[in-house]
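Single-letter residue listing:
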Amino acid sequence: MEMPKPDDAVIANRHRIADDLRAIVPGDGVIVDEDARRPYETDALTAYKTSPLVVVLPETVEQVSAVLRYCHENSIKVVPRGAGTSLSGGSLPLEDGVLLGLGKFNRILEVDYDNRCARVQPGVTNLSITKAVEADGFYYAPDPSSQIACSIGGNVAENSGGVHCLKYGLTTNNLLGLEVVLIDGEVIRIGGKHLDSEGYDLLGIMTGSEGLLGVVTEVTVRLLRAPETVRALLIGFPTSEEAGDCVAKVIGAGIIPGGMEMMDKPAIHAAEDFVHAGYPLDVEALLIVELDGPADEVEHLIGQVKTIAESCGAVSLKISENEQERLGFWAGRKAAFPAVGRISPDYLCMDGTIPRHQLPTVLRRMTELSNQYGLRVANVFHAGDGNLHPLILYDANVPGELRKAEDFGGDILKLCVEVGGVLTGEHGVGVEKRDLMPAMFTEVDLAQQMRLKCAFDPDGLLNPGKVFPTLHRCAELGRMHIHKGKLPFPDIPRF
């Protein structure tokens, strides 16, 4: 994996840079000791590790602004970092870059029930927002599996989703405003408590931008009323294809569940051994379908889903009778990633999205790829919106297995694009999918995306080496590429 070549002159000035940063962030806010920097050398994609030049942990927006201004004036790269739960290497540090940690931005600033929103700092964990408002009958809808640890700022950076994104949308659908610090230290506000704003959709641009455009220092999120009734169905199938067919038919019937998740046999067994959720162990695939709304509507929808599931060959079906049972159904799914970690020394968690009707085809092809590569795969994913999370099991201590797992994962993501899907649903591109971007985008597409990056960060100092497969500088974008003496697109009139 190629990353930007480290600047030896910057590395040689590590201690001077640290001293300069201590003038901005005093006390223990600057970390330069090698052992103390080690916890920051990777995120949740632990296959890749790099020790940062310096770690700086600001506590105020003014400090963030001053740090970015200093780095801009001295041409020092900056990698923003939240809780470090990214699964795509989005916060992988650089040897010659300052790692800007936002863990101390951990306060809920305001809860405004009249406007159904909350203002929070980026280091607040996802689940903390719901915990802060649930006693008053509200909640924050996006709920990644890592919600107990992942930060809302990281959710914004990766446009995270979760179990309830099928009905209630991803992070981008639940944001109202952001405070962002640009690379030159300028602080800007986008959106606010109002529903929408005129002009360019800067809020949409920032959401999912993976730290390439600016550093988020405040987030205004939408709060929802908790539904009157929530119940879940646990449905077992003899094959993954039949489970996938059931997903398509439920959505095709016009039913939009609050959540619709699928697990295959390896994931079912791992989760059951880990949390003892009461999952059936004699099925090849398991669907969890959650329905919410008024009690009578939920009861009616349960009957419809049950009929569809039975027509698709369901061999077991259990309906939650109380809240404790519903949460039990979800316990295994929420713990699936750590559960799989108990059955394999290492695994890669992939993230691609496909049209729902392609689920049976893609699951079948993944089984073929598993046999081809000789590596097991456990499937856990948001079935309702086609967001797949195949977990490729491997052993990093076996020479060549990591590379084989990466190639296997690359083939899965290419398959997603081949059937009409996309490379990522919620984990972002980072370094994991960076070199696969040409499978989905043309050079023209990528150049246009790069122009947007350059408008915010013309010197390429914010999180370089991520997302874009070719390490161009902004100044190179305007140059005409001549191949063997011929202009590109010779039929286009030129003036």
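Refer to the structure above for everything that follows.
Residues numbered from 1 in each chain as written. Predicted model: local features only at pLDDT ≥ 70, side-chain atom pairs only at ≥ 80, totals over all residues. Heavy atoms only, no water.

Asker: Tell me about the nonpolar core, and name the residues and values.
Answerer: One finds Leu-178, Val-219, Val-221, Phe-237, Leu-287, Leu-291 and Ile-392 to be the most contacted residues of the largest nonpolar core, which totals 90 residues. Broken down by element, the residue count for this core peaks at 7 residues, all from helix H15 (residues 401-418). Residues contacting Phe-237, with those up to four places away along its chain left out, are Glu-242, Ala-243, Cys-246, Val-283, Glu-284, Ala-285, Leu-287, Ala-309, Cys-312, Gly-313, Ala-314 and Val-315. Membership of the second largest hydrophobic core comes to 27 residues, among which are Val-25, Val-98, Val-215 and Leu-461. (Core = buried A, V, L, I, M, F, W, Y, C linked by side-chain atoms within 4.5 Å. Buried < 20%, exposed > 50% of the residue type's maximum accessible area, 1.4 Å probe, protein only. Helix = DSSP H or I, 4+ residues; strand = E, 2+ residues; numbered from the N terminus. Contact = heavy atoms within 4.5 Å.)

Asker: Tell me what's going on with the sheet that holds strand E12 (residues 229-237), and back it up with residues and numbers.
Answerer: Within a sheet, adjacent strands bond to each other through the backbone by hydrogen bonds, running parallel or antiparallel. Strand order in this open sheet of 7 strands is E15-E12-E14-E13-E18-E20-E16, and the pairing throughout is antiparallel. Whereas interior strands pair on both sides, the edge strands pair on one side only; in this sheet they are strand E15 (316-319) and strand E16 (346-349). Across this sheet, the average inter-strand angle for adjacent strands is 15°, counted without regard to direction. The pairing of E16 with strand E20 (residues 390-394) spans 4 bridges and is antiparallel. By the bridge assignment for E20, Leu-348 is matched with Ile-392. Of the strands in this sheet, E12, strand E13 (259-264), strand E14 (285-293), E15 and strand E18 (377-381) touch helix H12 (residues 323-334), which is tilted by about 50° from E12. (Pairing = 2+ DSSP bridges. Axes fitted to C-alpha atoms, helices over the stretch in contact; angles between N-to-C directions.)

Asker: Before we move on, can you summarise the side chain of His-164 with the specific residues and values?
Answerer: Following the sequence through the fold, His-164 ends up in the loop between helix H6 (152-158) and helix H7 (165-168). The residues contacting His-164, other than those within four sequence positions of it, are Ala-141, Asp-143, Gly-169, Gly-258, Gly-259 and Glu-290.

Asker: Kindly report on helix H2 (residues 14-24), identifying the contributing residues and their values.
Answerer: Of all the positions in H2, only Arg-14, Ile-17, Ala-18 and Leu-21 are classed as buried. In an axial view of H2, the angular spread of the buried residues amounts to 100°, which keeps them on one side of the axis. Seen from the open side of H2, the exposed residues pointing more than 90 degrees away from its buried face are His-15 and Ala-23. Contact partners of the buried residues in H2: helix H1 (8-12), strand E1 (30-31), helix H3 (34-37), strand E2 (54-56), helix H4 (61-73) and strand E4 (97-101). (Arc of directions from axis to C-beta.)

Asker: Explain the packing of aromatic side chains to me, using residue names and the numbers behind them.
Answerer: Evaluation of the coordinates by the stated rule reveals 3 aromatic pairs. Between Tyr-139 and Tyr-168, the aromatic rings sit 6.3 Å apart at their centres with planes inclined by 85°, giving edge-to-face as the arrangement. One end of the pair, Tyr-139, is in strand E7 (residues 138-139); the other, Tyr-168, is in helix H7, with 29 residues separating them in the sequence. Residue class for Tyr-168 comes out partly exposed when judged on its relative accessible area of 22%. (Phe/Tyr/Trp six-rings, centres within 6.5 Å; stacked < 30°, edge-to-face > 60°.)

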